[in-house]
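Letter by letter, the chains look like this.
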Amino acid sequence: MIHTTPDDWRAAPKKRVLLFGMSGLGKTHVSNLLRDAGGWFHYSIDYRIGTRYMGEHIADNFKREAMKVPLLRELLMTDSVHITSNITFNNLAPLSTYLGKPGDPAKGGLPFAEYMKRQDQHRVAEIAALLDTACFIERAGEIYGYGNFICDSGGSICEVVDPEDPADPVLSALAGSVLMIWIEGSEAHRAELARRFDRAPKPMYYQPAFLQAAWSDYLGGNGLREDEVDPDAFVRWTYARAMAHRQPRYAAMARNWGVKVTAEQVAEVRSERDFVDLVAHALETRAGARS
């Protein structure tokens, strides 16, 4: 880890961290707070994925839909209109819409093979965006003069790494650049996240083996064909399994590669000083647990 003790962390002229954990526990909140305080560069993995690595896939999908409308088809064929997405740090809807959900096409579902193709595109993009972290640290300093750096990772980071492998290429690269911090949610937090997801289910990235097993179990358990699946029902059902699947992977990332804070602690962060104190406490707790 690049910051190993509370004193080392507090004295560091250039503080560099990566936040990870389930979406909805405070990663973007803290990142926005530090960016707004000044002196911190905010690097969003999901934003990088949606703009640099999947921007063309997203725009092409919009164009495919537009080509079904005669007026828009004519305008596109004559280069009279320009179609692109408007992804922001706080609005990643174009990315999640592109990922989609498998199931009944009448309900907006994708064929499972197409869904898996888009999932693989996301996996490749997420790894590339994570490996860009060191480059953005350098750019943040050289171009904009930022010394401090916060990386707001996506909830699926644990799906594209092996936290138990000391030679994992992505985690090894990150460990040399940032202090990785897990925001751990309680059972109450996970229940609330599940309730939120149930109200507004959204596409997510999952490991291929996990997703294949979930799809097979869902079809078999409900006696459904692929085109009979309600896309929202499937992703709701899968989300609960995903939280249980991800929890031990996040824990291993924190144990082997970083530190842990709780969502309750993060919710109390109101300033840069609060955040510095929180990370110092996490480093002290880690040192105490290992002594």
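Above this text is the structure in question.
Let us look at the structure shown here. (Residues numbered from 1 in each chain as written. Predicted model: local features only at pLDDT ≥ 70, side-chain atom pairs only at ≥ 80, totals over all residues. Heavy atoms only, no water.)

### A few points about unusual backbone geometry
Unusually for a residue other than glycine, Asp79 sits at a positive phi of about 55°. Along the chain, Asp79 turns up in the loop between helix H5 (70–77) and helix H6 (93–99). (Helix = DSSP H or I, 4+ residues; strand = E, 2+ residues; numbered from the N terminus.)

### Thoughts on the sheet that holds strand E5 (residues 258–262)
Overall, parallel pairing links the five strands, which are arranged E2-E3-E1-E4-E5 in an open sheet. Either end of the sheet is taken by a strand with one partner, and the two such strands are strand E2 (40–44) and E5. The average angle at which neighbouring strand axes cross in this sheet is 25°, direction not considered. Summarising the sheet, E2 and strand E3 (residues 148–152) pair through five bridges and their orientation is parallel. By the bridge assignment, Trp40 is partnered in E3 with Asn148. The strands that helix H2 (residues 27–37) touches are strand E1 (16–20), E2, E3 and strand E4 (179–184); relative to E3, the one it contacts most, it runs at about 155°. (Pairing = 2+ DSSP bridges. Axes fitted to C-alpha atoms, helices over the stretch in contact; angles between N-to-C directions. Contact = heavy atoms within 4.5 Å.)

### Considerations on the state of the cysteines
Summed over all chains, the structure comprises zero disulfides. Left without a disulfide partner, Cys135 is nearest to the cysteine sulfur of Cys151, which lies 13 Å away. (Disulfide = S-S within 2.5 Å.)

### Here's the deal with the packing of helix H11 (residues 208–222) against helix H12 (residues 231–257)
The axes of two packed helices give the description: the angle between them and the distance between them. Contact geometry for H11 and H12: axes closest at 11 Å, N-to-C directions at 130°. One element, H11, and the other, H12, form an angle in the oblique class. As H11 packs across H12, the resulting crossing turns out to be right-handed. Seen from H11, the contacting residues are Phe210, Leu211, Ala214, Trp215, Asp217 and Tyr218; seen from H12, they are Ala233, Phe234, Trp237, Thr238, Arg241, Ala242 and His245. Taken together, the residues of the contact of H11 with H12 sort by class into nine nonpolar, two polar and two charged. (Parallel < 35°, antiparallel > 145°, perpendicular 65-115°, else oblique. Left-handed = near helix turned anticlockwise from the far one by under 90°. Nonpolar A, V, L, I, M, F, W, Y, C, P; charged D, E, K, R; others polar.)

### Thoughts on the packing of aromatic side chains
Ring pairs (aromatic) are described by centroid distance and by the angle formed between their planes. By the definition in use, this model includes 19 aromatic pairs. Taking the centre distance of 6.1 Å and the plane angle of 20° together, the rings of Phe41 and Tyr144 count as stacked. On the criterion of sequence distance, the pair formed by Phe41 in strand E2 and Tyr144 in helix H8 (residues 133–144) is long-range, its members being 103 residues apart. According to the relative accessible area criterion, Phe41 is buried, its value standing at 15%. Following the ring pairs from residue to residue traces out a cluster consisting of Phe41, Tyr43, Phe136, Tyr144, Tyr146 and Phe149. A cation over a ring is seen here: Arg118 above Tyr98, with NZ or CZ 4.4 Å from the ring centre. Over the ring of Phe136 we find Arg139; its NZ or CZ atom is 4.7 Å from the centre of that ring. (Phe/Tyr/Trp six-rings, centres within 6.5 Å; stacked < 30°, edge-to-face > 60°. Buried < 20%, exposed > 50% of the residue type's maximum accessible area, 1.4 Å probe, protein only. Lys NZ or Arg CZ within 6 Å of the ring centre and 35° of its normal.)

### Some points on the nonpolar core
One finds Trp9, Leu18, Phe20, Phe149, Met180, Ile181 and Phe275 to be the most contacted residues of the largest nonpolar core, which totals 80 residues. Broken down by element, this core gets its largest block of residues, nine residues, from H12. In this view, Trp9 contacts His3, Lys15, Arg16, Val17, Trp40, Phe275, Val276, Val279, Ala280 and Leu283; residues no more than four positions away in its chain are not counted. (Core = buried A, V, L, I, M, F, W, Y, C linked by side-chain atoms within 4.5 Å.)

### Quick notes on the side chain of Lys27
If you trace the backbone, Lys27 turns up in helix H2. Although Lys27 lies buried, it forms no salt bridge, and the closest oppositely charged side chain, Asp152, sits 5.0 Å away as judged by the N-O distance. Here Met22 takes part through its backbone oxygen, which lies 3.3 Å from a polar atom of the side chain of Lys27. Dropping the residues within four chain positions of it, Lys27 is found in contact with Leu19, Phe20, Gly21, Met22, Asp152, Ser153, Gly155 and Ile183. (Lys, Arg positive; Asp, Glu negative; His and termini not counted. Salt bridge = Lys/Arg side-chain N within 4 Å of Asp/Glu carboxyl O. Polar contact = N/O pair within 3.5 Å; in protein donor to acceptor, adjacent residues only side chain to side chain.)

### Quick word on the environment of Val160
Considering the arrangement of structural elements, one finds Val160 in the loop between E3 and helix H9 (169–175). Note: C-alpha distance between Val160 and Tyr205 (45 residues apart in sequence) is 9.6 Å.

### Regarding a nonpolar patch on the surface
Judged by side-chain polarity, Val69, Leu71 and Leu72 come together as a nonpolar surface patch covering roughly 250 Å² of accessible area. Mapping Leu71 onto the fold places it in helix H5. (Patch = residues over 30% accessible without salt bridge, like charges linked within 9 Å, V, L, I, M, F, W, Y side chains within 5 Å. Areas by Shrake-Rupley, 256 points an atom, 1.4 Å probe, with all protein chains shown as cover.)

### A few points about the side chain of Ser177
Mapped onto the elements of the fold, Ser177 is located in the loop between H9 and E4. On the accessibility criterion, Ser177 (12% relative accessible area) is buried. At 3.5 Å, the side chain of Ser177 forms a polar contact with the backbone oxygen of Ala173. If sequence neighbours within four positions are ignored, Ser177 has contacts with Ile2, Arg16, Ala134 and Ile137.

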